[in-house]
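# Fold and geometry: a report
Given next are the chains, with one letter for each unit.
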Amino acid sequence: MDRVIPARVRFAPSPTGRVHLGSGRTALYNYLIARQTGGKFILQLEDTDKKRLIPGAEQEIMDGLHWLGLQWDEGPDVGGPYGPYRQSERKEIYQDYARQLVEKGKAFYCFCTPERLEKVRQEQQKKKEMPHYDGTCRRLDPDEALRRVAAGEPHVVRFKTPQEGATTVKDLLRGEITVENRQLDDIVLLKTDGWALYHLAAVIDDHLMKITHVIRGSEWLPTFPLHALIHRAMGWEEPTWVHLSVFLKPSGKGKMSKREAADLAKDGYSIFIKDLEGLGYLPEAVVNWIALMGWSYDDRTELFTLPELVEKFSLERLNPSPAAINFTKFDYFNGLHIRRLALDDLARRVRPFFEQAGYPADEERLLRIAPIIQERITHLDDAVAMAGFFFKEEVEPDPENLVISGLTAGETLEVARRSLDVLSWLPEINPETAEPPMRTLVAELGLTAGQVFGMLRIAVTGQKVSPPLFESMAIIGKEKVLERIRSAVGKLEKLVEDAG
RNA sequence: GCCCCCAUCGUCUAGUGGCCCAGGACGCGGCCCUCUCAAGGCCAAAACAGGGGUUCGAGUCCCCUUGGGGGCACCA
């Protein structure tokens, strides 16, 4: 095996919004490359835009990554040798390099007001031109510009993008991309308030933090050549660039929107990592699912755990085309991973949902329920609807539902009484003791198991759908089972009386 | 409007010039199993966007068209 160079990768979300599946996947791929190569996964916060910060967003990012199991090696909370890991604490660093670029003649001070720029933009749009900086301050005498800066005149720093020729950059998935330099703008590097913009900050951080692979969303593709140009202007070596495809809404037409997210919520889905736990999803399933949206291992393997992904992931097998989010398949993966859980693990994970629903779910009983619900639920919270009756003192089935289809209430009553009789003679009720004699009874009555067991299911669980009858009875216990059947007998008697 | 990216079943994808009259998975339909519901097993329907090239041969390479996506801020 070839000796691999440990990758240093940086996941740098902005705490200006919620963490969604797309950023989760970007984080995942970064994490995988770091772990696979024995490198470092770095978390940084791009919090330079004070106006857009959202309280709590920082915590949501960290909680989300933790929940997915993506622990970072360097970050705002754990520190590291290349900090600080909050861009808001790196202001002077960015200013220093911006100054260097100006000194090298690769950038310039710009004194244009936002109002003037807006006017220029509008005129350009009217003329059907691509909006871009018109170059006014670019032509300024550097010494004069310096004097105006020294005099305290408000200014920004802009990159002096080459006006001639073309720039060729290389993306790992797409190969070489060439753009005419005149299509590139003289982007702002440093704002009037002295804060760096993404374009400058990202390039500097990538260099200073010795980042080997920039793995990010394809929304950066258009400005990618600019970033490479800044690297080159500084005389720095470029990292390997990898631009991931975007996630489209389920229909495949268009990207996710607020409207779309709201519609999804109605169906019990969410694109926000934070919501997924409460919706009964396993982090294992989320990881497996998003890993496969834009990446594949071969033509058949689909089940992956995080450690397996660390072993098998490769950037070369990424798919550059956009992918529509498919929640149906997400549900499938969730069921798949639920079934792979150890029983005590399943019991532990399902417990909060019972408690939230108001059931006194004790560990011992949960452990007995786990095996009979494991293959019946696709979301953890489905367990409540499936097995809530185990924690109820009494169940209250609708008398009408007790009546066996094809039989009268009176006939059903007789079946219920005979069943009660058979079961009451047993020392204990479980599949081994109860099922054979009950099947004998079913045969004697000339009915089907479905008819008789179905009635008993309603009587004992209060539900039309439940885990297997006798397994359920074993957990409920003989006493309470008989009690519930007696209660059902009572309901049937009343039904017969009322009818007669 | 301009620039960039992308294009195989409804969806996620395999396919890197002959192994493909295109494989897997989800979903859908059918069957089996079955005390309900699941899970599981089996079977079926379902795609190379269109048009030009290159080549003995193209899903695979090139060009155009079309469609989709992204971007064009003192946001990230």
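Preceding this paragraph is the structure being described.
Just so it is clear, the structure is predicted and the values come from calculations on it, not from any experiment. (Residues numbered from 1 in each chain as written. Chains lettered and ligands numbered in written order. Predicted model: local features only at pLDDT ≥ 70, side-chain atom pairs only at ≥ 80, totals over all residues. Heavy atoms only, no water.)

## Quick word on the overall build of chain A
For the record, the criterion: Strands here are runs of E lasting at least two residues and helices are runs of H or I lasting at least four, both read from the DSSP assignment and numbered beginning at the N terminus. C-alpha atoms define the radius of gyration in this analysis, and the globule rule sets the expected value at 2.2 Å times the number of residues to the power 0.38. Residue exposure (1.4 Å probe, protein chains only): buried if accessible area is under 20% of the type maximum, exposed if over 50%, otherwise partly exposed. Contacts are assigned to residue pairs that have any heavy atoms within 4.5 Å of one another. For the accessible areas, the method is Shrake-Rupley and the probe is 1.4 Å, while residue cover comes only from the protein chains on display.
Scanning chain A from N- to C-terminus turns up 21 helices and eleven strands. For 500 residues, the compact-globule estimate of 2.2 N^0.38 gives 23 Å, and chain A exceeds it by more than 25% at 32 Å. With the C-alpha coordinates aligned to their principal axes, the bounding extent of chain A is approximately 105 × 55 × 40 Å. Going through the 500 residues of chain A one by one, you find that 49% of them count as buried. Within chain A, contacts between residues separated by at least 24 positions form 74% of all contacts whose residues are at least 6 apart in sequence. For chain A, the accessible surface area stands at approximately 24,300 Å², while carbon and sulfur atoms represent 51% of it.

## A closer look at the protein's contact with RNA strand B
Quick note on the threshold: We define proximity as follows: a residue is near a molecule or strand when any one of its heavy atoms falls within 4 Å of that partner. In protein, a polar contact means a hydrogen-donor-capable atom and an acceptor-capable atom, both N or O and within 3.5 Å, with residues adjacent in sequence counting only if both atoms are side-chain atoms; elsewhere, any N or O pair within 3.5 Å suffices. Each residue receives one of three labels: charged for Asp, Glu, Lys and Arg, nonpolar for Ala, Val, Leu, Ile, Met, Phe, Trp, Tyr, Cys and Pro, and polar for the others, Gly being one of them.
In the vicinity of RNA strand B, 66 residues are found, and the nearest of them are E46, R52, E302, E375 and R439. For RNA strand B, the fraction of protein-proximal atoms (within 4 Å) that sit in sugar or phosphate groups is 72%. T48 is positioned with one of its side-chain polar atoms (N or O) 2.7 Å from a phosphate oxygen of RNA strand B. Measuring from a sugar or linking oxygen of RNA strand B, one finds a backbone N or O atom of L292 at 3.0 Å. Looking at the surface near RNA strand B, the elements with two or more residues in it are α4 (114-126), β4 (156-159), β6 (175-180), α6 (198-208), β11 (323-324), α12 (327-340), α19 (449-461) and α20 (469-476). Tallied by class, residues from the surface near RNA strand B come to 27 nonpolar, 15 polar and 24 charged.

## Points about helix α21 (residues 478-499)
Heads up, the rule is: The span one expects for a helix is its residue count, reduced by one, times 1.5 Å.
Given a rise of 1.5 Å per residue, 22 residues ought to cover 32 Å, and the 31 Å separating the end C-alpha atoms of α21 matches this to within 8%. Here α21 has its buried residues at V481, L482, R484, I485, A488, V489, K491, L492 and L495.

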